[in-house]
Amino acid sequence: TQSTRPQRILGAVQQNATRGDPRSVVRAIDQYCRNQEWAMNVGDEKGCILDSVVSEVNPATVLELGTYCGYSTVRIASLLPPHAKLITLEFNPEFAVIARQVIAWAGLEDKIQLVEGASGDLIPKMKEQFGVETFDLVFLDHWKDRYLPDTKLMEECGLLRKGSVLLADNVICPGTPEYLEFVRSSPRYESQYFKSHLEYTKVEDGLEKSVFLG
Ligand SMILES: C[S@@+](CC[C@H](N)C(=O)[O-])C[C@H]1O[C@@H](n2cnc3c(N)ncnc32)[C@H](O)[C@@H]1O
Ligand SMILES: O=C(c1ccccc1)c1ccc(O)c(O)c1[N+](=O)[O-]
Ligand SMILES: [Mg+2]
């Protein structure tokens, strides 16, 4: 039977990456997606910008919206200080199954909690069910029409504190116009655009970093 793209990405990890070495997992996925078949990981170029923001924020608590195969999950978690926690949300069970194996291959199960379900349903449960106070960093990379409603939901649920950083992928391609307009015009956010390219292509894309001012 025909394999799926996420299954082939997992295969590339198991074939080319070293167990317990997160950066080799990241490298194996990038090499596969650049040379064999494109996939919607944040990728190596935007990934370097992601790395610099993660290192600057040095977060104790991270929320990722949209796991897919776990590429950015592993990339972020590999930079976290000891005892820091990353919660990643994924509503496609097939993708979650693959991501769990990629995360395990990287040896990062202790830092990462993958929760299956839709962000709109799970965000209101963060405090009670997952013992979260606020998030220091949120990486938005799920369906693009959910960025704005989920940001408003995180505010309403008290999950953002003065200084919380939102980092949004794909603000140019495929684009998140309503979200971009909101964070750039709201007095409660300080926003900055990091110009880059759509993963594994020459098409323009970029990340928007927005600091919640409380
Ligand atoms: C672009 S992929 C994530 C890529 C990943 N962040 C990376 O860079 O490796 C988007 C993922 O978000 C998931 N997704 C989309 N909308 C969602 C929602 N509302 N709640 C949870 N997961 C969602 C999709 O199933 C898909 O796996
Ligand atoms: O929406 C797509 C998309 C649209 C059409 C075909 C394939 C992917 C996409 C493209 C690049 C991304 O970095 C990304 O996060 C997504 N996404 O699905 O969330
Ligand atoms: Mg993306």
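All of these numbers come straight from a predicted model, not from anything done at the bench.

(A) Local environment of the packing of aromatic side chains. Under the counting rule described, the total for this entry stands at 5 aromatic pairs. Both rings, one in Tyr68 and one in Phe95, keep their centres 4.9 Å apart while their planes meet at 90°; by these two values the pair is edge-to-face. In this pair, Tyr68 sits in the loop between strand 1 (61-65) and helix 4 (71-77) while Phe95 sits in helix 5 (residues 93-106), placing the two residues 27 residues apart along the sequence. This pair shows no difference in class: Tyr68 is buried, exactly as Phe95 is. Aromatic side chains Phe91 and Trp143 sit 6.3 Å apart centroid to centroid with 75° between the ring planes, which places their arrangement in the edge-to-face category. Note that Phe91 is positioned in the loop between strand 2 (85-90) and helix 5 and Trp143 in the loop between strand 4 (135-140) and helix 8 (147-156), a separation of 52 residues in sequence. Through a chain of ring-to-ring contacts, three or more aromatic side chains come together here, namely Phe182, Tyr189 and Phe212. The residue whose ring lies beneath Arg19 is Trp105, and the NZ or CZ to ring-centre distance is 4.1 Å.

(B) Main features of the sheet that holds strand 7 (residues 204-212). Spatial strand order, 3-2-1-4-5-7-6: 7 strands in an open sheet with mixed pairing. For this open sheet the edge positions go to strand 3 (112-116) and strand 6 (189-197), each flanked by a neighbour on one side alone. Sheet twist, expressed as the mean angle between neighbouring strand axes with direction ignored, is 15°. Sheet topology note: the strand 2/strand 3 ladder contains 5 bridges and is parallel.

(C) Broad picture of helix 1 (residues 5-16). Taking 1.5 Å per residue as the helical rise, helix 1 with its 12 residues ought to reach 16 Å, and the 16 Å between its terminal C-alpha atoms agrees with that figure. Inspection of helix 1 places Pro6, Ile9, Leu10, Ala12 and Val13 among the buried residues, and these make up the whole buried set. The arc that holds the buried residues of helix 1, viewed along the axis, is 155°, so those residues lie on one side. Considering only its buried residues, helix 1 is in contact with helix 2 (22-35) and helix 5.

(D) View of the site of ligand 2. Around ligand 2, the structure places Trp38, Met40, Asp141, His142, Trp143, Lys144, Asp169, Asn170, Pro174, Leu198 and Glu199. Within the side chain of Asp141, one N or O atom sits 2.8 Å away from an oxygen atom of ligand 2. A distance of 3.2 Å is found between an oxygen atom of ligand 2 and a side-chain nitrogen or oxygen belonging to Asp169. Out of a free accessible area of 410 Å², ligand 2 has 66% covered by protein chains. Split by residue class, the shell around ligand 2 holds 5 nonpolar, 2 polar and 4 charged.

(E) Fine view of the pattern of salt bridges. This model, assessed by the stated rule, comprises 17 salt bridges. Linked by salt bridges that have partners in common, Arg23, Asp30, Asp51 and Arg75 make up one network.

(F) Structural detail: the confidence of the model for the protein chain. On average, residues of the protein chain score 98 in pLDDT, and 100% of them are at 70 or above. At the low end of the mean pLDDT range in the protein chain sits helix 7 (residues 126-130), at 94; at the high end sits helix 4, at 99. For this predicted complex, the interface score ipTM comes out at 0.99, alongside a pTM of 0.99.

Rules of the game
Residues numbered from 1 in each chain as written. Chains lettered and ligands numbered in written order. Predicted model: local features only at pLDDT ≥ 70, side-chain atom pairs only at ≥ 80, totals over all residues. Heavy atoms only, no water. Phe/Tyr/Trp six-rings, centres within 6.5 Å; stacked < 30°, edge-to-face > 60°. Helix = DSSP H or I, 4+ residues; strand = E, 2+ residues; numbered from the N terminus. Buried < 20%, exposed > 50% of the residue type's maximum accessible area, 1.4 Å probe, protein only. Lys NZ or Arg CZ within 6 Å of the ring centre and 35° of its normal. Pairing = 2+ DSSP bridges. Axes fitted to C-alpha atoms, helices over the stretch in contact; angles between N-to-C directions. Expected span 1.5 Å × (residues − 1). Arc of directions from axis to C-beta. Contact = heavy atoms within 4.5 Å. Near = heavy atom within 4 Å. Polar contact = N/O pair within 3.5 Å; in protein donor to acceptor, adjacent residues only side chain to side chain. Areas by Shrake-Rupley, 256 points an atom, 1.4 Å probe, with all protein chains shown as cover. Nonpolar A, V, L, I, M, F, W, Y, C, P; charged D, E, K, R; others polar. Salt bridge = Lys/Arg side-chain N within 4 Å of Asp/Glu carboxyl O. pLDDT = per-residue confidence, 0-100.

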